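Chain by chain, the residues:
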Amino acid sequence: MRAYSALSKLIRGFGLAASLAAVVAPGASHAQADYPSKPIKIVVPYAPGGGVDIVTRLVTQKMGETLKQSIIVDNRPGGATNIGMDIVARAPGDGYTLLTSSNTLASNAALFTHLNFDPAKDLIPVGAIGYAPLVVVVPATSDFKTLQDLIAYGKANPDKLTYASAGNGSSGHLASELLKDEAKFNALHVPYKGGAPAITDLLGGRISFMSINPLEVIAHIKAGKMVPLAVMDSKPAAMLPGVPTVASLGLPGAAATVWWGLNVPKGTPPEVIAKLNDALNKALADPAVQARLSELGAVSTPGSADDFGKFVQAETVKWARVIKTANIQAD
């Protein structure tokens, strides 16, 4: 009798749990259907006014119009973007906290031995925004007139060629190491605390070359103070007509870009991700957005969340190999 009573209580307990589940589940679905019902925050792990910040504000303004909610940009620079990524990785997976991701999403796991989050597992893809190819530049006073000249000198003089970057593990650093590995030449890395002082020394002829976002040096190129040797892509850059690509020079594996996308914390419902992806792709299809991205030297890359996820996976493998080969560590 006691066993029967206990069993009855257990059954009643399961019945109550099932009833509660029936009540909660529709509520959760309803909340997702109503998404977004309040402002959305997007964390930009860079300082205000920079390229990533500009791209984020441009795209999310249009996304907000589609979603009929305001999107608030929260700049959280520092820690090679790890501070901002960690904030989003720890946020609730409800679709109200997003991340503007960049190259560091694919490289930091290999660069840093102690991260508080797993970029591949804790930050789920929403979609790609676009990319800008890097460009190999030299000062106007340089003896190198082509990329082949630079490579040949590096092979013949392994201890004399130098290249600058905005810091250890930066996109310019990794891109130059990739170029060295693909073309089989040597050059000494000279890291700086930011791109501006590196550019200053390049202009002064104290550095041999740089791999850099063309937007950062286009004014110097137009002024005749700097010469672009190659675009690090398979496609020519609209803002650098006539400049050969690394692919056209027989180095397709040396392609390197700066890129941006949107991510959310793990646990974010697929329906919410789909809404965000749809809003992002509509923003990228807007003619005004396309025109502004083109002015910034960027190429928009609309697509699905799965497309972006596969791209990041490929980038992660690519840069992990470069980092291991060059024995690069950021911490």
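Everything quoted here is computed from the prediction, not taken from an experiment.

Colleague: Summarise the overall build of the protein chain; cite the residues concerned and give the values.
Modeller: Tallying secondary structure elements over the protein chain gives twelve helices and eleven strands in all. When its C-alpha atoms are laid out on the principal axes, the protein chain stretches across 95 × 45 × 30 Å. Counting the 331 residues in the protein chain, one finds 48% classified as buried. Here the contacts in the protein chain between residues at least 6 apart in sequence split such that 78% fall between residues at least 24 apart. For the protein chain, the accessible area works out to roughly 15600 Å², and carbon and sulfur atoms hold 59% of it. Across the protein chain, the 29 positively charged side chains and the 25 negatively charged ones have centroids separated by 5 Å.

Colleague: Quick one: what's the story with the pairing of strand β2 (residues 71–75), residue by residue and with numbers?
Modeller: Consecutive side chains along a regular strand alternate between the two faces of the sheet. Most of β2 is tucked away, with four of its five residues classed as buried. Here strand β1 (residues 40–44) runs beside β2; their pairing, made up of five bridges, is parallel. Bridging across to β2, Lys41 finds its partner in Ile72.

Colleague: Just give me the short version of the sheet that holds strand β6 (residues 162–165), but keep the residues and values in it.
Modeller: As summarised here, the arrangement of the five strands in space is β7-β6-β8-β5-β9, forming an open sheet in which the pairing is mixed. Two strands in the sheet have a free side with no partner beyond their single neighbour: β7 (188–191) and β9 (226–231). Sheet twist, expressed as the average angle between the axes of neighbouring strands with direction ignored, equals 30°. Relative to strand β8 (residues 209–212), strand β5 (residues 135–139) runs antiparallel, the two sharing three bridges. Residue pairing in the sheet places Val136 in a bridge with Ser211 of β8. On the sheet, helix α7 (residues 171–183) packs against β5, β6, β7 and β8 and is oriented at approximately 150° with respect to β6.

Colleague: Let's hear about the pattern of salt bridges: which residues, and what values?
Modeller: Applying the stated criterion to the full structure yields 15 salt bridges. The residue Lys41 makes a salt bridge to Asp74 at a minimum N-O spacing of 3.9 Å. Of the two residues, Lys41 is situated in strand β1 and Asp74 in strand β2; the sequence distance between them amounts to 33 residues. For Lys41, a relative accessible area of 31% corresponds to the partly exposed category.

Colleague: Break down the layout of surface pockets for me, with residues and values.
Modeller: Space left empty within the atom packing is revealed by a probe, the size of a water molecule, rolled over the atoms. For the largest pocket, the calculated volume is near 1100 Å³. Forming the walls of the largest pocket are 50 residues, and the residues nearest its centre are Tyr46, Ala166, Ser170, Ser171 and Glu216. For the lining of the largest pocket, the secondary structure elements donating two or more residues are α2 (51–67), α4 (104–111), α7, β8, α9 (214–222) and β10 (257–265). Taken together, the residues of the lining of the largest pocket sort by class into 27 nonpolar, 22 polar and one charged. No fewer than three residues from each of domain 1 (40–130 + 257–326) and domain 2 (135–254) sit in the lining of the largest pocket. If you trace the second largest pocket, you find 20 residues lining it, with Tyr131, Thr257, Trp259, Thr301 and Phe311 closest to the centre. When contributions to the lining of the second largest pocket are tallied by element, the ones reaching two or more residues are β4 (123–133), β10 and α12 (305–326).

Colleague: Go over the domain arrangement of the protein chain, please, and point to the residues and values.
Modeller: On domain assignment, one finds that the protein chain holds domain 1 (40–130 + 257–326) and domain 2 (135–254). Around 1100 Å² of area is buried between domain 1 and domain 2 when both sides are counted, 72% of it from carbon and sulfur atoms. On the surface where domain 1 and domain 2 come into contact, there are two salt bridges. Between Glu182 and Arg321 there is a salt bridge whose closest N-O contact spans 3.8 Å. Seen at the junction of domain 1 and domain 2, the total is one residue pair in polar contact (both at pLDDT 80 or more). Secondary-structure elements contributing two or more residues to the side of domain 1 that touches domain 2 are α4, β10 and α12.

Colleague: Tell me about the sheet that holds strand β11 (residues 299–300), and please be specific about residues and values.
Modeller: Strand order in the open sheet made by the six strands is β2-β1-β3-β10-β4-β11, with mixed pairing throughout. This sheet does not close on itself; its edge strands, each paired only once, are β2 and β11. Lying on the sheet, helix α3 (residues 82–90) is in contact with β1, β3 (97–101), β4 and β10; it crosses β3 at an angle near 145°.

Colleague: Provide a residue-level description of the environment of Ala256, including the pertinent values.
Modeller: Mapped onto the elements, Ala256 comes out in the loop between β9 and β10. A relative accessible area of 1% places Ala256 in the buried class. In this structure the C-alpha to C-alpha distance between Ala256 and Leu178, which are 78 residues apart in sequence, comes to 8.1 Å.

Colleague: I'd love a proper account of the packing of α7 against α12, names of residues and values included.
Modeller: Think of two packed helices as two axes; the pair is described by the angle between the axes and how far apart they sit. Relative to each other, α7 and α12 sit at 75°, their axes nearing to 10 Å. Between α7 and α12, the angle is such that the two are roughly perpendicular. Note on element contacts: α12 touches α7 through Lys318, Trp319, Arg321, Val322, Ile323, Thr325 and Ala326, opposite Leu174, Ala175, Glu177, Leu178, Asp181 and Glu182. Tallied by class, the residues present in the contact of α7 with α12 amount to seven nonpolar, one polar and five charged.

Calculation rules
- Residues numbered from 1 in each chain as written.
- Predicted model: local features only at pLDDT ≥ 70, side-chain atom pairs only at ≥ 80, totals over all residues.
- Heavy atoms only, no water.
- Helix = DSSP H or I, 4+ residues; strand = E, 2+ residues; numbered from the N terminus.
- Buried < 20%, exposed > 50% of the residue type's maximum accessible area, 1.4 Å probe, protein only.
- Contact = heavy atoms within 4.5 Å.
- Areas by Shrake-Rupley, 256 points an atom, 1.4 Å probe, with all protein chains shown as cover.
- Lys, Arg positive; Asp, Glu negative; His and termini not counted.
- Charge placed at Lys NZ, Arg CZ, Asp CG, Glu CD.
- Pairing = 2+ DSSP bridges.
- Axes fitted to C-alpha atoms, helices over the stretch in contact; angles between N-to-C directions.
- Salt bridge = Lys/Arg side-chain N within 4 Å of Asp/Glu carboxyl O.
- 1 Å grid on protein atoms, 1.4 Å probe; cavity = no way out; pocket = protein on both sides within 12 Å on 5 of 7 lines; lining within 4 Å.
- Points joined across faces, edges and corners; volume = space filled by probe spheres on them.
- Nonpolar A, V, L, I, M, F, W, Y, C, P; charged D, E, K, R; others polar.
- Domains from an automatic or database assignment.
- Buried area = accessible area lost by both parts, 1.4 Å probe.
- Polar contact = N/O pair within 3.5 Å; in protein donor to acceptor, adjacent residues only side chain to side chain.
- Parallel < 35°, antiparallel > 145°, perpendicular 65-115°, else oblique.

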